[in-house]
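Report on the structure
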Amino acid sequence: MAAGTHPVSTTWRGLGRWAGLALALLVTVPGVLRPLSGSLLSTVNLVFHEAGHVVFGLFGETVMLLGGSVMQVLVPLGCAAAFLARRDRYAAGIVTLWAAHSLASVAAYIRDAPTRNLDLITGDPDTHDWWQLLGAADALHLAAPLGSAVAFLAFVAIVAGVLLAVWDELK
């Protein structure tokens, strides 16, 4: 035990971390299992998605179309990397759960490309990013397997996030 650390405060800190992880799982896992159900976190992801179109729009239309999905995943992963750089595995794990939620949302968006059933903020199904990307490449048939691969990454991110968050508690 570190000098000046009281065992009771250490116990409360550990309990707080477990409670925080449980809350983070309650917020993120439903969105991973049902990415089209909508949530506050989905709205946050949408903001970063749309910002990605603006930021990556500087590099041409294809990169701009990809930029929305890329940015909504890069933001939570960037936060996780920043926390890891500070050696805060717990915080990195929590925001990795956010990345999982975001990946699941992107997976659902990709899978929707052939049918374009999702309500888009533009109201125009022809503005569907993945329909434009895959359709231009005559690859709409790849929407399901690509979406499944991204959904798999979302589940990997859940496991990675939990392991990161509990790492220090288990040693």
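Residues numbered from 1 in each chain as written. Predicted model: local features only at pLDDT ≥ 70, side-chain atom pairs only at ≥ 80, totals over all residues. Heavy atoms only, no water.

1. Some details on the overall build of the chain
Formally: Labels follow the DSSP assignment, with helices taken as runs of H or I lasting at least four residues and strands as runs of E lasting at least two, numbered in each case from the N terminus. Three labels apply to residues, based on accessible area from a 1.4 Å probe with only protein chains included: buried if under 20% of the type maximum, exposed if over 50%, partly exposed otherwise in between. In what follows, residue pairs with any heavy atoms lying within 4.5 Å of each other are defined as contacts. Each accessible area is a Shrake-Rupley estimate made with a 1.4 Å probe; only the visible protein chains count as cover when residues are assessed.
Within the chain, the regular secondary structure consists of six helices and zero strands. If you line up the chain on its principal axes, its C-alpha atoms span 65 × 30 × 25 Å. In the chain, buried positions account for 36% of the 171 residues. For the chain, the proportion of contacts with a sequence separation of at least 24, taken over those separated by at least 6, is 64%. When the accessible area of the chain is evaluated, it comes to approximately 9,600 Å², of which 70% is carbon and sulfur surface.

2. A few points about unusual backbone geometry
Despite not being glycine, arginine 116 has its phi angle at roughly 50 degrees, a positive value. Tracing the sequence through the fold places arginine 116 in the loop between helix H4 (89-111) and helix H5 (129-136). For arginine 116, a relative accessible area of 24% translates into the label partly exposed.

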